[in-house]
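Residue strings, one per chain:
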Amino acid sequence: MALVPVQQAANKAPAAKQLKKRKPNSKVWFWAVDCRYSVIVDAVRGLGWRAVEDEKNESKSNIYWIDVAAIHERFRSIQPWQMINHFPGMPNIARKNRMGQNLNRMLKMFPREYSFYPRTWVLPGELSDFRAQFDEKGNSIGNKIYIIKPDTGCQGRGIFLTRTFDQVPQHENVVAQLYIKKPLLLDGFKFDLRIYCLVSSVKPLRMYLFHDGLVRMCTEAYVKPTKQNISNVCMHLTNYAVNKHNSNFQQPTAKASSENENGSKRSLHWFMTWVRENKGDVKADWLWNRIGILCVRTVLSIMPTLSREYDQHFRSFNGIPWSFPQSSGAGAYGSGGLGAGATAGAGSGSGASGGRAGGEDRPRSGSRGKAAGEARSQSRWVVRPCFES
Ligand SMILES: Nc1ncnc2c1ncn2[C@@H]1O[C@H](COP(=O)(O)OP(=O)(O)OP(=O)(O)O)[C@@H](O)[C@H]1O
Ligand SMILES: [Mg+2]
């Protein structure tokens, strides 16, 4: 696995990379009991780390991987020499309503930088403003279509399209969003991209963009919403959970997900090659750059909260010298850490001013590009590699 710093990744579209082999490092004890994904434990063993499954060794573990809801108990007991796979405060972008609120707040301050998502109303709080998008009879003005999504939903559950106000829930926590009527299509089908972005440190902010991901396709050929097709979820929602039941769903055939070039689930690597071949190098680089910027700006929208929560949970670590082993096998965390404990005490400021840093990430040609690069390297928002294998 090779994770590329967002800034570096943003300047160069993904390409296949040679994998290096790691030496075993028995100093790393990985708490595997609360990990739900065997692929993680396999990767841990592949790195030569010890996967701890015996409760007796729970407190000796130096990395906790927690996929269960009781994460806050672990935050309370974490020690300065331990790391954890979550940062407190991330639900502020993981839940739809809170993400809508945070992005809308940034949009007001930085309209140009935050114009990357469709107009969003967080309901019921913004119901009266949303009502103003419909005429007295409750029909959408300008024949616009809105997509309504439950706050806590996932996998497309509870999502529907509407052009009338009477269908909009009045008291439930949902987001309403302008529906993108003319999406880019692949072979006539709507699709979305699953991007993998790792936040390895909050103070300072350090993010990595994985060079591969998934393309998830609809199973009914796309037609702009009409009365007849507006509730056809396999035409309008790209979720795998929705489309896998359709008889048109084509299982991926390649063994490695990175090699999937056809079917209803393809690799991001394939998609970027498709963009390069069909739209040209300039657009492919521009797109990859935009994806990196989008990830950075989304996290920046909650930076003050992340920073505050970080201090609240790990304040007691301030002043404790940071001295984790720096051997070759420890490269994975040597430059600052995977999670909270490791980076505590290294804090170097926070705040909404980071929003500007995201805005300065655009690559530019010629001397302006060079100047921007120099300015970036002095930025407080460090993005540099800590995972390489
Ligand atoms: N504004 C929009 N315009 C067009 N299509 C949209 C829009 N919002 C969502 N969709 C479609 O609906 C699908 C589901 O939406 P979304 O990803 O927001 O919710 P989810 O998959 O249920 O939740 P989550 O991704 O948070 O687990 C998207 O993958 C996309 O295909
Ligand atoms: Mg989704």
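What counts, and where the lines are drawn
Residues numbered from 1 in each chain as written. Chains lettered and ligands numbered in written order. Predicted model: local features only at pLDDT ≥ 70, side-chain atom pairs only at ≥ 80, totals over all residues. Heavy atoms only, no water. Pairing = 2+ DSSP bridges. Helix = DSSP H or I, 4+ residues; strand = E, 2+ residues; numbered from the N terminus. Near = heavy atom within 4 Å. Polar contact = N/O pair within 3.5 Å; in protein donor to acceptor, adjacent residues only side chain to side chain. Areas by Shrake-Rupley, 256 points an atom, 1.4 Å probe, with all protein chains shown as cover. Nonpolar A, V, L, I, M, F, W, Y, C, P; charged D, E, K, R; others polar. Domains from an automatic or database assignment. Salt bridge = Lys/Arg side-chain N within 4 Å of Asp/Glu carboxyl O. Buried < 20%, exposed > 50% of the residue type's maximum accessible area, 1.4 Å probe, protein only.

Student: Which parts of the structure should I look at to understand the sheet that holds strand β2 (residues 29-31)?
Tutor: Across a sheet, strands are paired by hydrogen bonds formed along the backbone, either parallel or antiparallel in direction. Pairing within the open sheet is parallel, and its 4 strands lie in the order β3-β2-β4-β5. Two strands lie at the open edges of the sheet, namely β3 (50-52) and β5 (83-84), each paired on one side alone. Relative to β3, β2 runs parallel, the two sharing 3 bridges. Across the sheet, the residue bridging to Trp29 is Arg50, located in β3.

Student: In this structure, what is going on with the site of ligand 1? I would like to understand it.
Tutor: Among the 19 residues in the neighbourhood of ligand 1, the closest are listed as Lys96, Gly156, Lys190, Thr238 and Asn239. In the environment of ligand 1, an oxygen atom lies 2.8 Å from a nitrogen or oxygen atom belonging to the side chain of Lys96. The separation between an oxygen atom of ligand 1 and a polar side-chain atom of Thr238 is 2.6 Å. When ligand 1 is considered free in solution it has 610 Å² of accessible area, and contact with the protein chains removes 77% of it. For the shell around ligand 1, the secondary-structure elements that each account for two or more residues are β7 (146-150), β9 (174-178) and β11 (189-194). Of the residues belonging to the shell around ligand 1, the class tally is 8 nonpolar, 7 polar and 4 charged. Domain assignment of the residues forming the shell around ligand 1 places at least three in each of domain 1 (1-24 + 86-117 + 183-389) and domain 2 (119-179).

Student: Just to check I follow, could you spell out the pattern of salt bridges for this structure?
Tutor: Opposite charge on two side chains allows them to pair when their charged atoms are near. Evaluation of the coordinates by the stated rule reveals 11 salt bridges. Where Asp129 meets Arg119, a salt bridge forms, and the shortest distance between an N and an O atom there is 3.9 Å. On the criterion of sequence distance, the pair formed by Asp129 in helix α6 (residues 127-131) and Arg119 in the loop between α5 (96-109) and β6 (120-123) is long-range, its members being 10 residues apart. Here Arg119 falls in the partly exposed class, since its relative accessible area comes to 46%.

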